[in-house]
Amino acid sequence: GSGAGPLQYGVVSDQFWFSYQVDRFGDYMEPLDPSEFTEEELAERRGFKYKAEIPHTREPYETPFGPGSLFAIRRDEFWRLGGYDEGLYVWGGENTEMAFKMWMCGGRMLMVPCSRVGHMYRQHKEKDGRGALTRWPPTLPQEMTDRLGCAYKNETYTGRFIVLRHPADNFTRITTRNNLRIMETYVGDHPAKLAYYKRMFGQEELKPEFQRFIDEWKVDPAAQKQVSLMKKNKCHDFEWWDKYVFMRLTGRHHPWHPLNGKYKQVNCGNHKAKTCQLCPQGNGRDWCNGDCSWCQTSNSCFPAEDFAKKCMSTAKKRTIEAKLKALSESKQNQKGGGIHLFPRERVKLPESMKDQPILTISVVLPCGFEHDYFIRTAESVFYETPAEVLKEIVIVDDASEPPLKDSWAEEAAANFGVKYVRLNEPAGLIGAKQAGAEAATGDIIVFFDCHVKPDIDYWVPYVKEISDNYRRAVIPVITVLDVDTWTQRERPAKGSGMSKCYLTFDAEFKWTNDKTPYVPIMSGGLLAISRKWFFEIGGYDSSMKGWGGENLDQSLRIWTCGGEIVSAPESYVAHMWRDGSEKTRAKYKVGAGDAVKNRARAVKAHLGEWYKKTLDFPSFKKWRGQDLDTSSITDSFSDLKCENFEWYLKRFKYIYRDGGVLPSEVFQIAALEAEGSPRCLELKTLGWTNFGHNDELVLKECSDSHTQSQSQWWHGSSRLQDGSCCGSLRAWNTDQCINGRGVTTGAKKIPTHTCDLDSGKEVSLTPSSDNEEELLLKVGLQDNCITLEQGSNLLTIVPCDNASRWLKRKPFTPIEYELLSSDTKAMWDGNS
């Protein structure tokens, strides 16, 4: 034979896994997209030469990484580099650490084809009777697993690594800790570290359970010894390693590097996702924009460039599937099934909870004409909740015709813990929930919609959080329910699901996410709250009709009256979203104007002087000058010594100040070089509303009044990576921000999207070099700017050196800031 193995080299993936890459040799450089690189980067990349490099099969060759268990190194070199970080646990990442040290600190790492060593690879299951010898992960002493906080399930020691119900997953906690230490030491503050966080954890901010490993690293002598040796050895940084090692050898940036396009997310319009398919998150076409287009026939989101082909083929496929499903259901219904789940074993109470007092829950299901889904919802709750925890399921039949119990007799439903409350006159969602709460007898009331499927252990955080504080409401992560298969779709990465909203001044609520566990405003449909606290704050407002606004009222009551709302990232509840199709269409009616009136009641009762701001919006024009009686709200908690709305704004200053939702200055952005009368940036179609849609920028004649609902006034918005404001520009009194990452050089359309309060650096007004008042309107991470096309009023994107200038025109202080007290203004301005 040749005397050598295959010519491969070692790489570490974006998730820190080591592997061998086969395509080491030959010309495989990816096509270059000029829009993703600066001119200097393009020139540099084009300068790389990738000839067919086929070394002699016995010759050593360079590799970016190597395996950790088999290598040779001079003893004096090993200790010059500091050996291994003595703070690394057990196994994992030490090969990455050694490769970084070797390359960054003056050495090389080589593969030696003619050196062969046989190796027994661990199996993920015990096979062939070999038992623990090949078990992976290996068993560790309980002292070690106690220190790591793993090998426990429901607070019971199992002796194995168990997280997310897979024996190997908690071993990942050990390797993740090791990897985070390595990132801190060798990647440091390079943007690649945040890219790794985003890839692994779904967000750039670490949650406390992982941040504690970084905090430990900062004071750990073993870690700081490695940092000192890096300085002593005058080692290079990660950017050098990426350019002169990984890119030189592979022709591409490392997957952690922000310029690597392999893991680039698509622009969904108002947010980002890995693929267009994952953009909607249950919100249908409104969340499918930007790089993607909505296919109405299949209710799917596809990339814009191949939309026509995929939409047509998917529609045909869905039609065939629908016909087959209809035939199957027809046969099933003839046998008496179809609306029930298949019987299965009910979950048991964990052993660790059996010898301690435990709160009980009543699940309230407000069901108006929900004949298609209410039984499966109730059965799902029953099967996923232990008997010791579930006190009852209260199904509130909101005047459905025919009555719901005609579909599921009371005696049969009682076997699943169900009791009916029948309302002979329709009360709407709010009234039905109040009726269910009054009938509930459990310690905790869980409000669910009548078309949901809770996941395993959904109830555990409710019991734990509310046991710790009875004035606490708990919100699950809301996912997507496929009602055809009654299964959950597209579970998001931990910490990135839908559970948090924030309040805007037109009484809307917008989805958001951040590193805290707290929920400023809940969406309202799915929550858990102690029965005691629910009635202490007065329950739902008896004067609200139908649906809408009750979530604002309840959220503000809870926060200002001494309670709190937290998200439960381990509690998943799949929800059927109304997508306009017949099968998801609401069968009940909502009175005209009821939702707006409900929202007006909520903000008038809680916002105090800021209610004046709400009345500025066109949708609340009807209520200007009217005496809207909200005593049914305020009287219900008058004895609780509640805080005012300014307290709430300060409590969530990371939303209202740092996120730019309550600005101290609003201004127009005027084109310096426009011909004729002054021209200002404006949204093309939207006026004042926070319930908008993606739009685009146009240039129109500047208005001299900011009291008209024109979207021509702007302010800083969204948090930078350090948590301060501002990384973007938001159209005042709207939810739209300029989409700085959705444009490339030469673009003729400048889009806007729903503001991401954690956008980082996206758009900025920057003084030009020769005049402080003349500004550049920079977009994205490259040196590009919005400019006025010569001789026209059209907008485009060009390198900033060639861009036209802009002016801040007619800046003023908005009423929402003026209403703050002097102390709060000082805090706003001082950023404390």
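Remember, it's a predicted structure, so these values are computed and weren't measured experimentally.

**Here we look at the overall build of the protein**
Here's step 1: In terms of regular secondary structure, the protein is built from 23 helices and 33 strands.
Here's step 2: The proportion of buried residues among the 832 residues of the protein is 51%.
Here's step 3: In the protein, of all internal contacts separated by at least 6 residues, the share reaching a separation of at least 24 is 67%.
Here's step 4: For the protein, the accessible area works out to roughly 39,000 Å², and carbon and sulfur atoms hold 51% of it.

**Quick notes on the nonpolar core**
Here's step 1: Counting residues in hydrophobic clusters, the biggest one holds 68 residues, and the most contacted among them are F447, F645, Y656 and L662.
Here's step 2: Grouped together as the second largest cluster of nonpolar side chains are 44 residues, W287, L365, V389 and M498 included.

**Digging into the state of the cysteines**
Here's step 1: Counted under the stated rule, the structure contains nine disulfides.
Here's step 2: Each sulfur in the disulfide pair C288 and C301 lies 2.1 Å from the other. Taking the sign of the S-S torsion, about 90 degrees here, the bridge from C288 to C301 comes out right-handed. You can see C288 sitting in the loop between β8 (272-273) and β9 (292-295) and its partner C301 sitting in strand β10 (residues 300-303), a full 13 residues away along the chain.

**Some details on the pattern of salt bridges**
Working definition: two side chains of opposite charge can pair if their charged atoms are close together.
Here's step 1: This model, assessed by the stated rule, comprises 38 salt bridges.
Here's step 2: Here R472 and E465 are joined by a salt bridge, their closest N and O atoms 2.8 Å apart.
Here's step 3: K825 is paired through a salt bridge with E818; the nearest N and O atoms lie 3.4 Å apart.
Here's step 4: E818 gets classed as partly exposed once you look at its relative accessible area, which sits at 44%.

**Structural notes on the packing of helix α7 (residues 208-219) against helix α8 (residues 221-232)**
The packing of two helices is summarised by the inter-axis angle and the distance between the axes.
Here's step 1: Here α7 crosses α8 at 65 degrees, and the two axes come no closer than 5 Å. Here α8 runs roughly perpendicular to α7, going by the angle between their axes. Here α7 runs over α8; the crossing is right-handed. Contact residues: W217, K218 and V219 in α7; P221, A223, Q224 and V227 in α8.
Here's step 2: Of the residues that constitute the contact of α7 with α8, the class distribution is five nonpolar, one polar and one charged.

**What to know about the packing of aromatic side chains**
Here's step 1: Overall, the coordinates contain 36 aromatic pairs when judged by the stated rule.
Here's step 2: Taking 5.0 Å as the distance between ring centres and 85 degrees as the angle between the ring planes, the aromatic pair formed by F534 and F535 counts as edge-to-face.
Here's step 3: Counting every residue linked through ring pairs, the aromatic cluster contains F505, Y518, W559, W610, F645, Y648, F652, Y654 and Y656.
Here's step 4: One cation-aromatic arrangement involves K433 over F447; the distance from NZ or CZ to the ring centre is 5.4 Å.
Here's step 5: Looking at R651, its charged tip hangs above the ring of Y518, at a distance of 4.7 Å from the centre.

**Side note on the confidence of the model for the protein**
Here's step 1: Averaged over all residues, the pLDDT of the protein equals 83, while 80% of them reach at least 70.
Here's step 2: At the low end of the mean pLDDT range in the protein sits helix α10 (residues 307-334), at 50; at the high end sits strand β14 (residues 444-447), at 98.
Here's step 3: Confidence drops under pLDDT 50 across residues 49-53; counting only partners more than four residues distant or on other chains, this segment forms ten contacts.
Here's step 4: Overall, residues 161-169 carries pLDDT values under 50, and its contacts beyond four positions in sequence, including any with other chains, amount to 27 contacts.

**Overview of the side chain of N690**
Here's step 1: Relative to the assigned elements, N690 resides in the loop between β23 (679-683) and β24 (695-701).
Here's step 2: Residue N690 is classed as buried on the basis of its relative accessible area of 4%.
Here's step 3: At 3.2 Å, the side chain of N690 and the side chain of R730 are in polar contact.
Here's step 4: Setting aside anything within four residues of it in sequence, one finds N690 in contact with T504, D506, E508, K510, F617, R730, N733, T734 and D735.

**What to know about the side chain of T824**
Here's step 1: Locating T824 in the fold gives a position in helix α23 (residues 822-830).
Here's step 2: Its relative accessible area of 1% is what places T824 among the buried residues.
Here's step 3: In this structure the side chain of T824 is engaged in a polar contact, spanning 2.4 Å, whose partner is the side chain of E646.
Here's step 4: Ignoring any residue separated from it by four or fewer positions in sequence, one finds T824 in contact with E646 and K650.

**Concerning the packing of helix α16 (residues 550-560) against helix α17 (residues 594-606)**
Here's step 1: One can describe the packing of α16 onto α17 by two numbers: an axis separation of 8 Å at closest approach and a directional angle of 20 degrees. Taken as axis vectors, α16 and α17 run roughly parallel relative to one another. Note that α16 runs across α17; the crossing there is left-handed. Of the residues in α17, those touching α16 at L552, D553, L556 and R557 are R599, A602 and H606.
Here's step 2: Its residues assigned to classes, the contact of α16 with α17 shows three nonpolar, one polar and three charged.

**Comments concerning empty space enclosed by the protein**
Here's step 1: Considering all chains together, one arrives at two cavities of 30 Å³ or more under this definition.
Here's step 2: Looking at the lining of the largest cavity residue by residue, the classes come out as six nonpolar, six polar and three charged.
Here's step 3: Empty space within the second largest cavity amounts to approximately 30 Å³.
Here's step 4: If you go around the second largest cavity, the residues you meet are L81, K101, C105, Y186, Q226, L229, M230 and N233.
Here's step 5: Considering every element that reaches the lining of the second largest cavity, the biggest residue donor is α8, with three residues.
Here's step 6: Residues of the lining of the second largest cavity, tallied by class, amount to five nonpolar, two polar and one charged.

Parameters and conventions
Residues numbered from 1 in each chain as written. Predicted model: local features only at pLDDT ≥ 70, side-chain atom pairs only at ≥ 80, totals over all residues. Heavy atoms only, no water. Helix = DSSP H or I, 4+ residues; strand = E, 2+ residues; numbered from the N terminus. Buried < 20%, exposed > 50% of the residue type's maximum accessible area, 1.4 Å probe, protein only. Contact = heavy atoms within 4.5 Å. Areas by Shrake-Rupley, 256 points an atom, 1.4 Å probe, with all protein chains shown as cover. Core = buried A, V, L, I, M, F, W, Y, C linked by side-chain atoms within 4.5 Å. Disulfide = S-S within 2.5 Å. Salt bridge = Lys/Arg side-chain N within 4 Å of Asp/Glu carboxyl O. Axes fitted to C-alpha atoms, helices over the stretch in contact; angles between N-to-C directions. Parallel < 35°, antiparallel > 145°, perpendicular 65-115°, else oblique. Left-handed = near helix turned anticlockwise from the far one by under 90°. Nonpolar A, V, L, I, M, F, W, Y, C, P; charged D, E, K, R; others polar. Phe/Tyr/Trp six-rings, centres within 6.5 Å; stacked < 30°, edge-to-face > 60°. Lys NZ or Arg CZ within 6 Å of the ring centre and 35° of its normal. pLDDT = per-residue confidence, 0-100. Polar contact = N/O pair within 3.5 Å; in protein donor to acceptor, adjacent residues only side chain to side chain. 1 Å grid on protein atoms, 1.4 Å probe; cavity = no way out; pocket = protein on both sides within 12 Å on 5 of 7 lines; lining within 4 Å. Points joined across faces, edges and corners; volume = space filled by probe spheres on them.

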